[in-house]
Amino acid sequence: MECKKLLEVTFAKYVSMFNCYMEHTRAERSKDVPNCLFKAMEYSLSVGGKRLRPVLCMASAVSNGLKAEQVLPMALGLEMLHTATLIHDDMPCMDNDVLRRGMPSCHAKFGETMALLAGDTLIVEGFEWALHNLDLPAQNVLNAFKIITKAGGASGVCAGQALDIFKEGAEGDPNFVGKVAARKTGDLIYAAVMTGVALAGSDPKRFKGYEDYSRQLGLAFQIVDDILDVVGTKEELGKTIGKDAEEGKLTHVTVYGLDRARMMAEGASLKAREIISRFEKPDSFLSLLPEYLVDRTR
């Protein structure tokens, strides 16, 4: 219980730091942007969410010798990119969901055209903000930028969404659902951890260790998402429940069953903790996080 409380306090501290920075940059971000477009962007960006990806970026940077404040622009870029994927994911041509984070989804509130523009703009703005780390070595910023752009591209989130919808290559592939999870969800979690590590300029051994950790963390997170779509409530999750099964999606629950999916989430969490133990103390934020994410209810 004491470790969980420690993690929650640290998580809240990072979230508060990030939200303050996001509010502080509001005027700069809204400059020369049509109000109708900025309102849609800011609505989706500010309506809530766990802020997991910016928190991971800050925490991994701190673990590798930087101050959290030094990576706030990259953290904002990650959250912008993540928010854009959610806007597009909710649209009628994708998952057609009118609820996100307990509020109307972007297209439900502002219309499909504005939602599409808001998502597109947040992607580009996210990449722009990722390059604001001007007080860090240029090569470190470039390395981190390569990570975030690849995660959001054709072999990352977009690939995962395409596979999720069209199921290309699913037949006869027992690992298909894991491949979708690795790209659709895992790549941005990977990017969140690894941009912090890259900005710190960590050595190759540490870099590889945090890579392996982030992959297991992303897998555990997505499996729990699949589980919560079955056992969670609309009030807890702030989104429509049961859509995966209703739409015939391949998830860890529909493919492996609920009990095995839970075992797989625990297994990925354990692997993440084992990997990070080579670099972090047992009571560090990143060491405690895998178990915390597996135990979450939203």
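Fair warning: this is a prediction, and the values are worked out from it, not measured in the lab. (Residues numbered from 1 in each chain as written. Predicted model: local features only at pLDDT ≥ 70, side-chain atom pairs only at ≥ 80, totals over all residues. Heavy atoms only, no water.)

Regarding its fold elements, the protein chain presents 16 helices and two strands. Over its C-alpha trace the protein chain gives a radius of gyration of 18 Å, about what one expects of a compact globule, namely 19 Å for 298 residues. If you line up the protein chain on its principal axes, its C-alpha atoms span 50 × 50 × 35 Å. Here the protein chain holds 298 residues, and the buried ones make up 51% of them. For the protein chain, the share of sequence-separated contacts (at least 6 apart) that also reach a separation of at least 24 residues comes to 73%. Taken as a whole, the protein chain presents about 13,900 Å² of accessible surface, with 56% of it coming from carbon and sulfur. Averaged over its 36 positive side-chain charges, the protein chain has a centre that lies 3 Å from the centre of its 40 negative ones. (Helix = DSSP H or I, 4+ residues; strand = E, 2+ residues; numbered from the N terminus. Rg over C-alpha atoms; globule rule 2.2 N^0.38 Å. Buried < 20%, exposed > 50% of the residue type's maximum accessible area, 1.4 Å probe, protein only. Contact = heavy atoms within 4.5 Å. Areas by Shrake-Rupley, 256 points an atom, 1.4 Å probe, with all protein chains shown as cover. Lys, Arg positive; Asp, Glu negative; His and termini not counted. Charge placed at Lys NZ, Arg CZ, Asp CG, Glu CD.)

So, on to the packing of helix H1 (residues 2-24) against helix H4 (residues 52-63). The contact between H1 and H4 brings their axes to 9 Å, and the two run at 110 degrees. Considering the angle they form, H1 stands roughly perpendicular to H4. The residues of H4 that touch H1, namely those facing Phe11, Tyr14, Val15, Met17 and Phe18, are Leu52, Pro54, Val55, Met58, Ala59 and Val62. Across the contact of H1 with H4, the residue classes break down as 11 nonpolar, no polar and no charged. (Axes fitted to C-alpha atoms, helices over the stretch in contact; angles between N-to-C directions. Parallel < 35°, antiparallel > 145°, perpendicular 65-115°, else oblique. Nonpolar A, V, L, I, M, F, W, Y, C, P; charged D, E, K, R; others polar.)

Within the secondary structure, Thr83 is located in helix H5 (residues 72-90). Classification of Thr83 as buried rests on a relative accessible area of 1%. A distance of 2.7 Å separates a polar side-chain atom of Thr83 from the backbone oxygen of Glu79. Setting aside its immediate chain neighbours within four residues, Thr83 contacts Ser44, Leu45, Arg101 and Leu122. (Polar contact = N/O pair within 3.5 Å; in protein donor to acceptor, adjacent residues only side chain to side chain.)

Here helix H7 (residues 112-130) spans 27 Å end to end across 19 residues, near enough to the 27 Å set by a 1.5 Å rise per residue. Contact partners of the buried residues in H7: H1, helix H2 (26-30), helix H3 (35-46), H5, helix H6 (106-110) and helix H8 (138-151). (Expected span 1.5 Å × (residues − 1).)

On to the packing of H1 against helix H16 (residues 285-294). Contact geometry for H1 and H16: axes closest at 10 Å, N-to-C directions at 105 degrees. With respect to H16, the element H1 is oriented roughly perpendicular. For the pair formed by H1 and H16, the contact residues are Cys3, Lys4, Leu7, Glu8, Thr10 and Phe11 on the first element and Phe285, Leu288, Leu289 and Tyr292 on the second.

Below, the discussion takes up the side chain of Ser214. Assignment of secondary structure puts Ser214 in helix H11 (residues 204-231). Of the polar contacts made by the side chain of Ser214, one reaches the backbone oxygen of Glu211; its length is 2.8 Å. Aside from chain neighbours lying at most four places away, what touches Ser214 is Ile189, Tyr190, Val193 and Met194.

Regions with low pLDDT carry predicted coordinates that are not meant to be interpreted in detail. Confidence along the protein chain averages 93 in pLDDT terms, with 95% of residues attaining 70 or more. The spread of mean pLDDT over the elements of the protein chain runs between helix H12 (residues 234-237), the lowest at 62, and H4, the highest at 98. (pLDDT = per-residue confidence, 0-100.)

Our focus in this paragraph is the nonpolar core. Ranked by size, the top nonpolar core spans 69 residues in total, and within it Leu56, Tyr213 and Leu289 carry the most contacts. Setting aside its immediate chain neighbours within four residues, Leu56 contacts Ile189, Ala192, Val193, Leu217, Leu286 and Leu289. (Core = buried A, V, L, I, M, F, W, Y, C linked by side-chain atoms within 4.5 Å.)

The subject of this paragraph is the pattern of salt bridges. Evaluation of the coordinates by the stated rule reveals 14 salt bridges. As a salt-bridge pair, Arg100 and Asp89 come within 3.7 Å of each other at their nearest N and O atoms. Here Arg100 is found in strand S1 (residues 99-100), whereas its partner Asp89 is found in helix H5, with 11 residues between them in sequence. The pair formed by Arg100 and Asp89 is uniform in burial state, with each residue classed as buried. The partner of Asp90 in a salt bridge is Arg100, and the shortest N-O contact between them spans 2.8 Å. Here Arg100 lies in strand S1 and Asp90 lies in helix H5, a separation of 10 residues in the sequence. (Salt bridge = Lys/Arg side-chain N within 4 Å of Asp/Glu carboxyl O.)

The subject of this paragraph is empty space enclosed by the protein. Tallied over the entire structure, the rule returns one cavity of 30 Å³ or more. Of the pockets and cavities examined, the largest cavity occupies roughly 80 Å³. The wall of the largest cavity is formed by 13 residues, among which Ser44, Val47, Ile87, Arg100 and Cys106 lie closest to the centre. Ranked by the residues each element gives to the lining of the largest cavity, the list is headed by H5, at four residues. (1 Å grid on protein atoms, 1.4 Å probe; cavity = no way out; pocket = protein on both sides within 12 Å on 5 of 7 lines; lining within 4 Å. Points joined across faces, edges and corners; volume = space filled by probe spheres on them.)

Here we come to unusual backbone geometry. Even without being a glycine, Asn96 presents a positive backbone phi close to 55 degrees. One non-glycine residue, Arg101, lies in positive phi territory at about 55 degrees. Along the chain, the position of Arg101 falls in the loop between S1 and strand S2 (103-104).

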